[in-house]
Amino acid sequence: MNQYIQNLNRIEFMVTLACTGRCKHCSEGDHYANGEHIDGDLAAEMVRKTAKNYSIESLMTFGGEPLLYPGEVYKIHSMAREMGIPKRQMITNGFFSRDTEKIRLVAQGLVDNGVNDILLSVDAFHQETIPLEPVMTFAKALIDAGIPRLRVHPAWLVDTEADNPYNRKTREILAQFQELGIAVSSGNVILPKGNALKYFKEYFDSNTTYISPYAENPQDIRAICVSPNGDVLQGNIYKTDILEILAKYMP
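Bear in mind the structure is a predicted one, so any value in this text is a computation, not a measurement.

This brings us to the side chain of Thr-170. Position of Thr-170 relative to the elements: it lies in helix α5 (residues 165-178). The class for Thr-170 is buried, based on a relative accessible area of 0%. Setting aside residues up to four positions removed in sequence, Thr-170 forms contacts with Asp-123, Ala-124, Pro-154, Ala-155 and Trp-156.

Take a look at the structure:
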């Protein structure tokens, strides 16, 4: 086994960069409502092979907005459940439709296909362009469908305790979900990247080096993330078998 990959325990899929939001804090920059997305069948096969050869403890799907392509999300999580991966997470902004019946069906589909931990991105930044009503409808539908774990997952400007107009608005929005009994995660502190650097430059210290808490140690890879085009580490799952990519990886 490749010494740099021997502790691999997590798989992540960026399902798509397409998004229903136009968030000023987004580290990826501007998004569009459609675009390239992961092939669910190939992604599921990658999950099967990786989980068979490594002790994978968690899997996550995110975006963009992953629920623009719910069928691909279902395939990935269904395989993760089949392979015994215990934590099967998804991050979503919760806005993929205004149709109440479609929202209900997608919520039920997520539970039926093995998603057991959903982080709902709700805060002042998302709600500048994303209506709250369908997001609340989705949250209630997930509860009705029996989702094992649901939390709102806000973005904070400067830090979680900072007093600024954005954080104050975020706290107001979170209170509406807490009234439904939905817990709040620790969330993320916004990094000066992409749109965030463009729109909130005055909130960042130019003399400070900001490090992503999700950065991997290239000498000891614990998590791999697959892009919508299939890129992962130094290879591409559409062109090369994932086990070969892992075996040949060099920092």
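A rise of 1.5 Å per residue sets the reference length of helix α1 (residues 40-53), with its 14 residues, at 20 Å; its end C-alpha atoms lie 20 Å apart and thus fit the reference within 8%. Taken as a whole, α1 has its buried residues at Gly-40, Ala-43, Ala-44, Met-46, Val-47, Thr-50 and Ala-51. The buried residues of α1 occupy an angular sector of 155° when the element is viewed end-on, so they sit on one face. Turned more than 90 degrees away from the buried face of α1 sit Asp-41 and Lys-52, all of them exposed. A side-chain oxygen of the first residue of α1 lies 3.0 Å from the backbone nitrogen of Asp-41; this N-cap is Asp-39.

On to the pairing of strand β3 (residues 87-92). Strand direction decides the pairing type here: strand β2 (residues 58-63) and β3, joined by 4 bridges, are parallel. When the sheet's bridge partners are listed, Met-60 is paired in β3 with Gln-89. Handedness of the crossover joining β2 and β3 through helix α2 (residues 70-82) is recorded here as right-handed. Across 4 bridges, β3 lies against strand β4 (residues 117-120) in parallel orientation. For Gln-89, the partnering residue across the bridge sits in β4 and is Asp-117. Note that the unit made of β3, helix α3 (residues 100-112) and β4 has a crossover that is right-handed.

Rules and cut-offs
Residue indices follow the written sequence of each chain, beginning from 1 at its first position. Selection of residues for local features in this predicted model requires a pLDDT of at least 70, selection of side-chain atom pairs for listing and counting requires 80 or more, and totals for whole chains, interfaces and linings are taken over all residues. As a rule here, side-chain values cover all heavy atoms of the structure and leave hydrogens and water aside. Comment: elements are numbered from the N terminus, with helices defined as DSSP H or I runs of at least four residues and strands as E runs of at least two. The classification of residues rests on relative accessible area computed with a 1.4 Å probe and restricted to protein chains. Under 20% of the type maximum is buried, over 50% is exposed, and intermediate values are partly exposed. Any pair of residues with heavy atoms lying within 4.5 Å of one another is described as a contacting pair. Every helix has an expected span of 1.5 Å times one less than the residues it contains. The arc refers to the directions leading from the helix axis to the C-beta atoms. Counting of polar contacts relies on pairs of N or O atoms within 3.5 Å, with two restrictions inside protein: one atom must be capable of donating a hydrogen and the other of accepting it, and residues adjacent in sequence are counted only when both atoms are side-chain atoms. Whether two strands pair depends on DSSP finding at least two bridges between them. For a crossover, the right-handed case is the one in which the path from the first strand over the helix to the second runs clockwise, viewed with the strands pointing away from the viewer.

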